[in-house]
Amino acid sequence: MGAEQQPLMAEQKEKIWTKDFVLICLANFFVFLGFQMTLPTIPLFVEHLGGNDQLIGVVVGVFTFSALIVRPFAGHALETKGRRFVFLLGLLIFVISVGSYSLISSIFLLFLMRVVQGIGWGFSTTASGTVATDIIPASRRGEGMGYYGLSGNIALAFGPSLGLVLAAMIPFSHLFAICAALGVASVLFAAAITYKKAEAVHGKGADRWDLYEKSALTPSLLLFFLTVTFGGIASFLPLYTTQKQIGGLQLYFLLYALALMVTRTFAGQLYDRKGHRAVFLPGAGLILLAMLLLAWLPGEWALLLAAVLYGFGFGMVQPGLQAWSVERAPAHRKGMANATFFSFFDLGVGVGAMVFGQISHWFGYPSIYLAAAGSVLLSMFVYWTVLHREQPLRSKAGKNA
């Protein structure tokens, strides 16, 4: 009887859906909803202020680069100042910066506040991912990160479409005020979480220049080549579809998010059982097909099919890569592992936005997605190289065993 109870007790200890997990998902949902509502509307706002494609790329890109710069500091702060301080500070900065867009009437001021928003986003999302990692049982990390990611995906299902609808109905100032209010809701949920204490290991000197977690570099680099594609979609797809007089952009974001949500219900479990080999190449292949469809874009059907393919592809690779990033890191380095992962995420989006802004200026919008397809192919080549590099090590370990 006792032997039967032990597995049951172990199973109960390994549950994912605790009170704190629900709270971190709600906090993540509301800040992502506010963020996603600005995603397709910031390019329209820049255009409203008199900016061109190159300025749109810069305004979008500077946000991600400012987030990138602060993430290593956020990672250190998570281990020294604690999860609560970093998370709430980041959310409050996000609220203030987005709310300030309601008062902005020049591209220069928008540029400055995008830097501030990036700082808040860098702190809050690094902290949020680390808090989720703390809460989720290690044995179900891939599955749990998939469910956690769903909170952002649900926001993505409604945020961009809602932002576009509201931008057509109300002034930009009112839209950004609503986005800031959603950030306030995130602060309230985040404040109710019971946070685990950081397990910092204090060294004597090298911490100042400790900017990344080595064990997270491989999956983070793969993520970089994939998120470059997102820079092209977030920054220029609204303008591209308008130029081609193709409707369905709001439905694009909805279908993309729904595909992400469906994929996350099984991709994380697949990673837990079979590892990154089972999810990366199939997911990257789907993203590649989506980019080629967008480069072609003969009609609305191609736009919507690209949304589904992109959602399924990104939904397969992102939770697995994040779980891969943190699983090999020491307990006191989980924050830095998440910081490294999201830094490469930001770098990909920022590089994509800025480079594609110049590419579109020279060659037109279709060339953006051809270049993005090349980045996906590069990620697949890097992954293939990593597999072949690790294979001899696995074989040698098997012989020694």
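Residues numbered from 1 in each chain as written. Predicted model: local features only at pLDDT ≥ 70, side-chain atom pairs only at ≥ 80, totals over all residues. Heavy atoms only, no water.

Observations concerning the packing of aromatic side chains
If you walk through the whole model with that rule in mind, you get 28 aromatic pairs. When the centroid spacing of 5.7 Å and the interplanar angle of 40° are considered together, the rings of F94 and W121 count as tilted. Of this pair, F94 sits in helix α5 (residues 83–100) while W121 sits in helix α6 (residues 107–135); the two residues are 27 residues apart in sequence, bridging distant segments of the chain. Here the two residues F94 and W121 agree in accessibility, since each one is buried. Measuring from centroid to centroid gives 5.8 Å for Y240 and Y365, while their planes differ by 45°, and the two rings are tilted. Separated by 125 residues along the polypeptide, Y240 in helix α9 (residues 217–243) and Y365 in helix α14 (residues 365–400) bring together distant segments of the chain. The two residues Y240 and Y365 agree in class, both being buried. (Phe/Tyr/Trp six-rings, centres within 6.5 Å; stacked < 30°, edge-to-face > 60°. Helix = DSSP H or I, 4+ residues; strand = E, 2+ residues; numbered from the N terminus. Buried < 20%, exposed > 50% of the residue type's maximum accessible area, 1.4 Å probe, protein only.)

So, unusual backbone geometry
Positive phi is not limited to glycine here, since Q245 has a value of about 55°. Following the sequence through the fold, Q245 ends up in the loop between α9 and α10 (249–274). Phi at L297 is positive, roughly 40°, even though this residue is not glycine. For L297, a relative accessible area of 0% corresponds to the buried category.

A few points about the packing of helix α7 (residues 141–169) against helix α8 (residues 172–191)
As a packed pair, α7 and α8 sit with axes 8 Å apart at the nearest point and diverge in direction by 145°. Crossing geometry of α7 relative to α8 is assigned as right-handed. Only F172, L175 and I178 of α8 make contact with α7, whose side of the interface consists of G163, L166 and A167. Taken together, the residues that form the contact of α7 with α8 break down as five nonpolar, one polar and no charged. (Axes fitted to C-alpha atoms, helices over the stretch in contact; angles between N-to-C directions. Left-handed = near helix turned anticlockwise from the far one by under 90°. Contact = heavy atoms within 4.5 Å. Nonpolar A, V, L, I, M, F, W, Y, C, P; charged D, E, K, R; others polar.)

Structural notes on a nonpolar patch on the surface
Taken together, the side chains of F108, L109 and L112 make up a nonpolar region of the molecular surface, amounting to roughly 290 Å² of accessible area. Mapping F108 onto the fold places it in helix α6. On the accessibility criterion, F108 (56% relative accessible area) is exposed. (Patch = residues over 30% accessible without salt bridge, like charges linked within 9 Å, V, L, I, M, F, W, Y side chains within 5 Å. Areas by Shrake-Rupley, 256 points an atom, 1.4 Å probe, with all protein chains shown as cover. Salt bridge = Lys/Arg side-chain N within 4 Å of Asp/Glu carboxyl O.)

Quick notes on the domain arrangement of the protein
Domain parsing of the protein yields domain 1 (16–196) and domain 2 (215–392). Look at where the C-alpha atoms of domain 1 and domain 2 centre, and you get two points 19 Å apart. Opposite the 46 residues of domain 1 that make contact, domain 2 presents 46 residues. Carbon and sulfur atoms supply 69% of the area buried between domain 1 and domain 2, which totals about 3,800 Å² over both sides. Three residues, D53, Q54 and R71, lead the burial of domain 1 against domain 2; their summed loss comes to 13% of the area buried on that side. Across the domain 1-domain 2 interface, the total number found is one salt bridge. (Domains from an automatic or database assignment. Buried area = accessible area lost by both parts, 1.4 Å probe.)

Some details on the pattern of salt bridges
Close approach of charged atoms allows side chains of opposite charge to pair. Per the stated rule, a full pass over the model turns up six salt bridges. Its salt-bridge partner being K19, residue D20 comes within 3.6 Å of it at the nearest N-O pair. Given the relative accessible area of 16%, D20 is considered buried. Given the relative accessible area of 53%, K19 is considered exposed. The salt bridge partner of R83 is D134, with a shortest N-O separation of 2.8 Å. Of the two residues, R83 is situated in helix α5 and D134 in helix α6; the sequence distance between them amounts to 51 residues. D134 sits in the buried class, given a relative accessible area of 16%. Because the salt bridges share partners, they merge into one network encompassing E79, R83 and D134.

Focus on the side chain of S360
Mapping S360 onto the fold places it in helix α13 (residues 334–363). For S360, the side chain forms a polar contact with the main-chain oxygen of G357, separated by 2.9 Å. If we ignore the near neighbours within four places in the chain, the residues touching S360 are D53, F236, Y365 and I368. (Polar contact = N/O pair within 3.5 Å; in protein donor to acceptor, adjacent residues only side chain to side chain.)

Quick word on helix α11 (residues 280–296)
For α11, which comprises 17 residues, the first-to-last C-alpha distance of 25 Å matches the rise-based estimate of 24 Å (1.5 Å per residue) to within 8%. Looking only at α11, the buried set comprises F280, G283, A284, I287, L288, A290, M291, L293, L294 and A295. Of the residues trailing α11, L297 is marked for its positive phi of about 40°. (Expected span 1.5 Å × (residues − 1).)

Looking at the environment of T126
Secondary-structure assignment places T126 in helix α6. For the pair T126 and F94, spaced 32 residues apart in the sequence, the C-alpha separation amounts to 13 Å. Of the polar contacts made by the side chain of T126, one reaches the backbone oxygen of G122; its length is 2.7 Å.

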